[in-house]
Amino acid sequence: MKRNIKVKGALKAYLRWPIMLSILLAGMNLSIYLIDEKAGLVMFGFLIVYIVVAMLLYFFKRPVIIGDLIRYAADYGQVQKQLLKEMALPYAILDYEGRLLWGNNEFLDIIENEKTARKSITNIFPEITAAVLPKDMQDKTVRSARNNSYYKIILRKIIAVDFSDSAPFEYQEDEMGLNDCNTLIAMYLYDETENKTLIRENYEQKMITGLLYIDNYEEALESIDEVRRSLLIALVDRKINKYMQSIDAIVKKLEKDKYIFMFKQKYLQQLQISKFSLLEEVRAVNIGNEMSVTISIGLGVNTDSYLLSYEYARAAIDLALGRGGDQAVVKEGDKLLYYGGKSIQLEKSTRVKARVKAHALKEFVEAKDKVVIMGHAIGDVDSFGAGIGIYRIAKTLNKKAHIVINEVTTSVRPLMTRFINNPDYEEDMFLKSDQAMGVVDNNTLLVIVDVNRPNYTECKELLSLTKTIVILDHHRQTGEAIENAVLSYIEPYASSSCEMVAEILQYIGDGLRLKQVEADAMYAGVMIDTNNFLTKTGVRTFEAAAFLRRNGADVTRIRKAFRSDMDEYKTKAEAVSATEVYLDHFAITVCSSDGINSPTVLGAQVANELLNITNIRATFVFTEFNDKIYLSARSIDEVNVQLIMERLGGGGHMSVAGAQFTNSTLAEAIQYLKETLSAMKQEGEL
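As a starting point, this report considers the structure included with it. Bear in mind that the values here come from a model prediction, so they are computed numbers and not experimental data.

Some remarks on the environment of A117
Okay, step 1: Position of A117 among the secondary structure elements: in helix 5 (residues 114–119).
Okay, step 2: Separated by 19 residues in the primary sequence, A117 and G98 have C-alpha atoms spaced 8.9 Å apart.
Okay, step 3: When sequence neighbours within four positions are dropped, the list of residues in contact with A117 reads R99, L100, I111 and I124.

Section: the sheet that holds strand 12 (residues 327–332)
Okay, step 1: Read across the open sheet, the six strands follow the order 9-10-8-11-12-13; overall the sheet is mixed. Each having just a single partner strand, strand 9 (250–255) and strand 13 (335–340) make up the two edges of the open sheet. Each strand axis lies, on average, 20° off the axis of its neighbour in the sheet, ignoring direction.
Okay, step 2: Judged from the seven bridges that link them, strand 8 (residues 207–214) and strand 10 (residues 258–264) form a sheet pairing that is antiparallel. By the bridge assignment, L212 is partnered in strand 10 with Y259.

Describing helix 11 (residues 306–322)
Okay, step 1: Taking 1.5 Å as the rise per residue, helix 11 with 17 residues should run 24 Å; its terminal C-alpha atoms sit 24 Å apart, in good agreement.
Okay, step 2: All buried positions along helix 11 are accounted for by S309, Y312, A313, A316, I317, L319, A320 and G322.
Okay, step 3: Looking at the buried residues of helix 11, the elements they touch are strand 8, strand 11 (295–300), strand 12, strand 13 and strand 19 (487–490).
Okay, step 4: Phi turns positive one or two residues past the end of helix 11, at G324, with a value near 110°.

Regarding the packing of helix 12 (residues 352–367) against helix 16 (residues 497–508)
Packed helices, taken two at a time, are described by their axes: the angle between them and the distance between them.
Okay, step 1: Their axes nearest at 8 Å, the elements helix 12 and helix 16 cross at an angle of 70°. Between helix 12 and helix 16, the crossing angle belongs to the class labelled roughly perpendicular. Both helix 12 and helix 16 take part in a crossing whose hand is right-handed. Residues A354, R355, A358, H359, L361 and K362 of helix 12 form the contact with helix 16, whose own contacting residues are E503, I504, Y507 and I508.
Okay, step 2: Looking at side-chain class alone, the contact of helix 12 with helix 16 contains six nonpolar, one polar and three charged residues.

Let's talk about unusual backbone geometry
Of all residues except glycine, most have a negative phi; of all peptide bonds, most are trans.
Okay, step 1: A positive phi angle, near 60°, is found at N302, a position not held by glycine.
Okay, step 2: Along the chain, the position of N302 falls in the loop between strand 11 and helix 11.
Okay, step 3: The phi dihedral of L583 falls on the positive side, at around 55°, and the residue is not glycine.
Okay, step 4: Summarising the element assignment, L583 is placed in the loop between strand 20 (580–582) and strand 21 (586–590).

So, the nonpolar core
Okay, step 1: Judged by nonpolar contacts, the single largest core of 57 residues is most densely connected at L361, F384 and L472.
Okay, step 2: Excluding anything up to four places from it in sequence, F384 contacts I405, V412, L415, M416, F419, F430 and A521.

Analysis parameters
- Along each chain, residues carry numbers from 1 onward, in the same order as the chain's sequence is written.
- For a predicted model such as this one, the threshold for reporting local features is a pLDDT of at least 70, and the threshold for listing and counting side-chain atom pairs is 80 or more; totals across whole chains, interfaces and linings nevertheless cover every residue.
- Here the side-chain values reflect all heavy atoms present in the structure, with hydrogen atoms and water set aside.
- The helix and strand labels rest on DSSP assignments: H or I over at least four residues marks a helix, E over at least two residues marks a strand, and numbering proceeds from the N terminus.
- We call two residues contacting when some pair of their heavy atoms lies within 4.5 Å.
- For two strands to pair, DSSP has to find at least two bridges joining them.
- Lines are fitted to the C-alpha atoms to define the axes, a helix being fitted only along its stretch in contact, and any angle between axes, read from their N-to-C directions, falls within 0 to 180 degrees.
- Between the first and last residue of a helix there are one fewer steps than residues, each counted as 1.5 Å, and that sum is the expected span.
- Here's how the labels work: a residue is buried when its accessible area is under 20% of the maximum for its type, exposed when over 50%, partly exposed in between, all with a 1.4 Å probe on protein chains only.
- Oblique is the label for any angle not covered by the other classes, which are roughly parallel (under 35 degrees), roughly antiparallel (over 145) and roughly perpendicular (65 to 115).
- Handedness of each helix crossing follows the sense of rotation of the near helix against the far helix: counterclockwise by less than a right angle gives left-handed, clockwise gives right-handed.
- Charged means Asp, Glu, Lys or Arg here, nonpolar means Ala, Val, Leu, Ile, Met, Phe, Trp, Tyr, Cys or Pro, and polar covers whatever is left, Gly included.
- Grouping buried Ala, Val, Leu, Ile, Met, Phe, Trp, Tyr and Cys residues that are joined through side-chain atoms within 4.5 Å yields what is termed a nonpolar core.

Structural data, given as structure tokens:
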């Protein structure tokens, strides 16, 4: 194939300079001729000689000059090639399909297997797929690890031409008349191993602040004779200190039952993998004590300052205690992780806390003009009964009071009808959400009962309409909390909110006495939440029930109010008969909502019924209602259903919990539950 070499650009102009200077000399010759004819003629002779020599040099020496330039360019290209080949930066050329065409020495040393790379670079770096290869002139960045090294890979699309426009000469195809262009991909490797190592070391050297509280210090000591109390304390101290030594932590005892400790971030994963085994180790300490010692741990992780880490740890330990103790909570920004929490929280024998909270509540009620009481959405008997108890406190202190109820369930209706059109109660005793929003202002006390999550309340908008909020609840706390509450009384060991309110009522004073209908409502709340005093029932539960009985609660009247009609009973029977036993110990069924006024309440009743079956550790009942799927979960003592429900986005108690599903079918929700149960069993959580 014949090729003609053409000179262009600056080189072409440089070679033509002698000829172009002839024009200047001709002008000079003319000027001299006008001044002196003889001198002009002499000058003209020299001009002719100059032009002849310039033409001879241009036409006869040009091939020699170009040859020398080509030899120089070839030598220069060899130097360039050698430099590129030996360049310290790993560099390669790929074709448009990702096959290796060429790589310098550093690149070939890294990939080791050039033959495999020529088939596809994906065989060496799996992250470089066909989708990652650049389709336009925009660079693509990929990160990959190989042989314990970490690389940032930049892929750049290039258009390869035989010689660019800036080259001193060009080749032209006589036959084709076109330049031969190819699309290639330049690949650059930047070793980030050292940077990543330093970043990881810096991350691992961060200090984590932790708080450790003994949940039941006084109660555990009281369960053992005085001679061995010091030994029990010493054994618990030894367990804690030995555990802290294993993670190179500094630990300091703040009080008899409170510790603060600090350790490096690199040990956090070790604690998480072991699921904070210190919880189990301390619980296993037994020298004759009837009550096991339990601890709670709160950690503040990945913060910019020690002060913020401590604040996170404080929030985490408060959450751990609010969830019942015997667990560890790790707080990283808004992210919360829970570990433990499998043991049943025992009730406190002292009622000092209830007395203190009662006096504080009384002061808040007296300081405001009116009181608005709100429970959770689709209220049950417990939230209704607790609301009635707070209503009685407000009326005793001569304050206007309202209870917010939007949807009246079948379980609440028999109790609520006794208040409606009753001359002892105002017509506006019960309000709907839109009415309540017109009542609440900055001079209103908002009391929230039987719920501590803002999204689950009857009317979330009320939370922003007043600054004085009181929370009374017996559910374990989650990361979603009602902010800026002036008084928060959350006791997970309590059987029900009605039990907590019954205790508070006894410390209000001012001659407070419940009416019979009010005592019935509160007694019903305790009875329903304890499944007729079978679940989470303690000494204080019976004391609260006794107080309500003394105020006129009638068990027979309450039992009649909660009898089911025939349709509901048949629906329950169908749900029980359709029950599937999953993983040998978990009962799963669906409760129909057809023709049922309050299917969620019925679903909870079915869940309680299924617990009476031998070898069933937990029950799960799904109910479709109002474009949502409600899940009721129940257990006795072997399984913490709260942990299961939290994975599904819900919450509750260890033995009573629930969750809601939106934008999901019933089959998908059931499958999600099964996958969660299987995963938790594999992880050892069940």
